[in-house]
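Fold and contact review
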Amino acid sequence: MNQKLTPKQKALAINLDQNIYGTFAEIGAGQETVRHFFRAGGASQTIAKAMSAYDKEFSNAIYGKEFKNRYVSQNRLRKMLRYEVSLIEERLSREATPGRKFFSYANTVTTINFDKTMLGHGWVGIRFQLDEHEDYNEIVLHVKFKENDATLQQETLGSLGVNLIYGAFHYSDNPRKLIESLYDDVAIDNIEIDMIDFNGPAFCYVDNRLMSLQLVKNGMTDAVIFNPQGNNMLPADILYKKNIFAVRGSFRPVTLVNIDMFENGLEMFLKDAECEVENTEVLFEITISNLRASGDIDERDFLDRVDVLAKLGYTVIISNFSEYYRLIDYFAHYTSQKIGVAMGVNNLLMVFDESYYKNLSGGILEAFGKFFRQDMRVYLYPYKDPVTHQFLTSENLKVSDNLKELYKYFKLNKRILDIKNYNPKHAEIYSRDILNKIATHEKGWENQIPKGVAEMIKERGMFGYKEEVKLKEFT
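Residues numbered from 1 in each chain as written. Predicted model: local features only at pLDDT ≥ 70, side-chain atom pairs only at ≥ 80, totals over all residues. Heavy atoms only, no water.

We now examine the pairing of strand S1 (residues 20-28). With 8 of 9 residues buried, S1 is to be regarded as a mostly interior element. For S1 and strand S3 (residues 101-110), the ladder comprises 9 bridges, and the chain directions are parallel. If you follow glutamate 26 over to S3, its bridge partner there is asparagine 107. Taken together, the 4 bridges between S1 and strand S2 (residues 47-51) define a ladder with parallel strand orientation. By the bridge assignment, glycine 22 is partnered in S2 with isoleucine 47. (Buried < 20%, exposed > 50% of the residue type's maximum accessible area, 1.4 Å probe, protein only. Helix = DSSP H or I, 4+ residues; strand = E, 2+ residues; numbered from the N terminus. Pairing = 2+ DSSP bridges.)

Put into structure tokens, the structure is as follows:
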């Protein structure tokens, strides 16, 4: 019962369902999905039309021109899906085809280039009905190819397309299973899915942020990004050629320390990088390892953290990067502009801990080569020792003896900078203490977090908060 079906078996199952009927439109380098349905047999009951608008001018004549001639884009894909569905509705009578559930599958992709300097990427999607009387649903995803051969990439894309169509009609009631099924008969090392979006009546209960989380959790991508409105964002769209400033934390919940670190660090970064807020992307990062800190990922806890950050207007990145150098390396794939990271003293000590780099052939030197690339700078927030009450900064921070000279090098070259204008009153705010106070109804935690967040926590019962039950005294 749990045996996975092959693309041929899935295509045949769709073909044999007399109520599933639609079109295929594959432009650019992808014309492989519909081939599975033709070869499986019985395709005449499923395929209304298959087309490949390979020529740009002809494609424009059908779907219209794109802004900046971006043919491989989400906007292009959604235009294709909606245009093709409208043609089905226009040309076929519902009375003549009762019970038919229409669909349109489309992709617009570019595979590896001739010089093999770019592996290629694309958009894949389906617009479909689960009932002839219901409105249409859409599933749209972005893929990045990893294989080093155009033919292999096309074959992988074909299998992925079959999986998406089959999943749309068979797993719509279980989006998590649908996401996992996209890799049936597809090696996870062959293709990356770094954005997915569900919408329509079948998915009215789906939170796309949780679907993004599944991509990272299942190893389908290393990072996903969503904006304050909760919309999934394509990393390439949001990071391309931007200056990037990031803050990592648990944000459980966001405290005044997090905000003080972010605001003062960002102010220094904008000045050092000589850039404006408009061309700078600010990201609050939460790692999967942090979400798993207490065992399995608690999705409610995850949404609580993200909702608070969204209320404050911040963009969130969920990553699989335990080590900081991997985060910077990820950013560098999208931009050659300036990168800055705000962190506390304890995090910097972890960066200088050699035990984290045993898996690298070049050890800590290789990690630092990726971490301190492109003039990347660390903006260090001080730590107040609870015993000595001394503030630890880059000036009195102690690293291992064998790394002292390396630390001095980065310090002298201003790759590690102290955040000067911090608020000393925030130095003794700890998120763990706030969580305990929230759970035990102690007073005082409200003024240790940003304005408006306390009300949100109380209203929604976040982070273990429960309303006190006041018992009426009877005399």
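Time to look at the packing of helix H3 (residues 56-63) against helix H4 (residues 74-91). Between H3 and H4, the shortest axis-to-axis distance is 10 Å and the interhelical angle comes to 55°. Taken together, the axes of H3 and H4 lie oblique to each other. Of the residues in H4, those in contact with Ser59, Asn60, Ile62 and Tyr63 of H3 are Arg76, Lys79, Met80, Tyr83 and Glu84. Per-class residue counts for the contact of H3 with H4 are 4 nonpolar, 2 polar and 3 charged. (Axes fitted to C-alpha atoms, helices over the stretch in contact; angles between N-to-C directions. Parallel < 35°, antiparallel > 145°, perpendicular 65-115°, else oblique. Contact = heavy atoms within 4.5 Å. Nonpolar A, V, L, I, M, F, W, Y, C, P; charged D, E, K, R; others polar.)

Time to look at the packing of aromatic side chains. Note on aromatic pairs: each is described by the distance of the centres and the angle between the planes. If you walk through the whole model with that rule in mind, you get 32 aromatic pairs. Seen from their ring centres, phenylalanine 103 and phenylalanine 169 are 5.9 Å apart, and the 80° between their planes marks the pair as edge-to-face. Separated by 66 residues along the polypeptide, phenylalanine 103 in strand S3 and phenylalanine 169 in helix H5 (residues 150-170) bring together distant segments of the chain. Take phenylalanine 103 and phenylalanine 169: they sit in the same class, and that class is buried. Where phenylalanine 352 meets tyrosine 407, the ring centres are 5.4 Å apart and the plane angle is 75°; that geometry is what we call edge-to-face. Of this pair, phenylalanine 352 sits in the loop between helix H13 (345-351) and helix H14 (363-371) while tyrosine 407 sits in helix H15 (residues 404-412), and the two are 55 residues apart along the sequence. (Phe/Tyr/Trp six-rings, centres within 6.5 Å; stacked < 30°, edge-to-face > 60°.)

The next subject is the sheet that holds strand S4 (residues 121-128). Pairing is mixed in the open sheet, where 6 strands are placed in the order S2-S1-S3-S4-S5-S6. In this open sheet, the two strands that pair with only one neighbour each are S2 and strand S6 (191-199). With strand direction ignored, the average angle separating the axes of adjacent strands in the sheet is 10°.

Before going further, it helps to examine the packing of helix H11 (residues 299-311) against helix H17 (residues 453-460). Close contact between H11 and H17 brings their axes to 10 Å; oriented N to C, the two are set at 145°. The hand of the H11/H17 crossing is right-handed. From H11, Arg300, Asp304, Asp307, Val308 and Lys311 reach across to H17, where they touch Val453, Met456 and Arg460. Considering only residue class, the contact of H11 with H17 consists of 3 nonpolar, no polar and 5 charged. (Left-handed = near helix turned anticlockwise from the far one by under 90°.)

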